[in-house]
Amino acid sequence: MLPSNSVAKITAKTALKNKWLQAITVCLIFIVVFLIQIFFEQMIRIFVLESGKFLDGVNSYAGGLWNGILNLFLTVSSLALTFLLVFPLVLGVVRWFWRMTGEAKDTVGVVFYYFGTGERFKRSVAVFFGLLWRNLVVGLLSFIPFFMAVILTNFAAEYDINQIMLFSVDFGNVINTIFLILGCVVYLILTLRYYMVLWVTVACPRLSVKQVFKTSVGFAKGTKAAYFVFILSFTGWAFISFLALPLLFTLPYFIAANAVFSRFVITNANLKASKV
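In this text the structure is predicted, and so the values were computed from the model without any measurement.

(A) The layout of surface pockets, seen in detail. Estimates place the volume of the largest pocket at around 840 Å³. Put simply, the parts of the chain that give the lining of the largest pocket at least two residues each are helix H2 (20–58), helix H3 (60–101), helix H4 (118–142), helix H7 (169–191), helix H8 (197–203), helix H10 (224–232), helix H11 (235–241) and helix H12 (247–275). A per-class count over the lining of the largest pocket returns 24 nonpolar, 5 polar and no charged. Of the volumes computed, that of the second largest pocket is approximately 160 Å³. In this structure, the second largest pocket is lined by Arg95, Trp98, Arg99, Tyr113, Tyr114, Glu119, Arg120, Arg123, Thr201, Val202 and Pro205. When residues of the lining of the second largest pocket are traced back to their parent elements, those giving at least two are H3, H4 and H8.

(B) Geometry of the nonpolar core. Grouped together as the largest cluster of nonpolar side chains are 54 residues, with contacts concentrated most on Phe97, Met196 and Trp199. Here this core takes 12 residues from H3, the largest share from any one element. Setting aside anything within four residues of it in sequence, one finds Met196 in contact with Ser216, Phe219, Ser262, Val265 and Ile266.

(C) Spotlight on a nonpolar patch on the surface. Taken together, the side chains of Phe129, Leu132, Trp133, Leu136, Val137, Leu141, Ile144, Met148 and Ile151 define a hydrophobic patch exposed on the protein surface, amounting to about 900 Å² of accessible area. Listing elements by their share of the nonpolar patch, those giving two or more residues are H4 and helix H5 (144–159). If one sorts the elements of the nonpolar patch by residue count, H4 sits on top with 6 residues. Note that Ile151 resides in helix H5.

Criteria and cut-off values
- Residues numbered from 1 in each chain as written.
- Predicted model: local features only at pLDDT ≥ 70, side-chain atom pairs only at ≥ 80, totals over all residues.
- Heavy atoms only, no water.
- 1 Å grid on protein atoms, 1.4 Å probe; cavity = no way out; pocket = protein on both sides within 12 Å on 5 of 7 lines; lining within 4 Å.
- Points joined across faces, edges and corners; volume = space filled by probe spheres on them.
- Helix = DSSP H or I, 4+ residues; strand = E, 2+ residues; numbered from the N terminus.
- Nonpolar A, V, L, I, M, F, W, Y, C, P; charged D, E, K, R; others polar.
- Core = buried A, V, L, I, M, F, W, Y, C linked by side-chain atoms within 4.5 Å.
- Buried < 20%, exposed > 50% of the residue type's maximum accessible area, 1.4 Å probe, protein only.
- Contact = heavy atoms within 4.5 Å.
- Patch = residues over 30% accessible without salt bridge, like charges linked within 9 Å, V, L, I, M, F, W, Y side chains within 5 Å.
- Areas by Shrake-Rupley, 256 points an atom, 1.4 Å probe, with all protein chains shown as cover.
- Salt bridge = Lys/Arg side-chain N within 4 Å of Asp/Glu carboxyl O.

This is the structure:
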């Protein structure tokens, strides 16, 4: 049986007792690394813009070509940093909280666990790559009606063929909004099936990446709605976190509560399986 939201939160608070400083430090490590990545990306972006301006003054063709090359480099380097630095670190943070809620006494340095060996590192990157392409595919499929409606509305507006299209541009915009909302709902429903992926990855280190996704989808069956309600219960905390400083307390609490909820999900699924 899944826990109530209050039980999961109380359990998380209990697990964090006397470990708040470590939990905050773990989250700070991720935040600092993430900010450093953003800083370097901005520095590269400024370099791209300044180089382009200089070359445009010398030769407009050379400036345009150089801008294209540097923008491509910026995109590739940003993706590379995210995959090779941020994603393994995120999984390390998830693993630390998972073990912490299981009463493990890990040091803060364990957050770099997935940088420890090539096998762990490749597994962490592969898991996030799997999440990325699945979310992209689901996103494209979910918003196809919206994209088609936008194209149709723009076509009607540009060529003033409202009567032929049997609706006005204003009505078309209403339809676009409806399809956009429906797309968001469908996308949310379809992607919630992957909410257990990171937790299964850290809880079952011997599973292959393919098995991680298959197992996660199995755990998500019948629990997606409960998890969605659980996440909504943190809405107030999310607003408080916009003040920045409270984030140092709300983020560890949120991750710990998710770890607790995921532990209940896995335990519940294993109990059901043992009764079959």
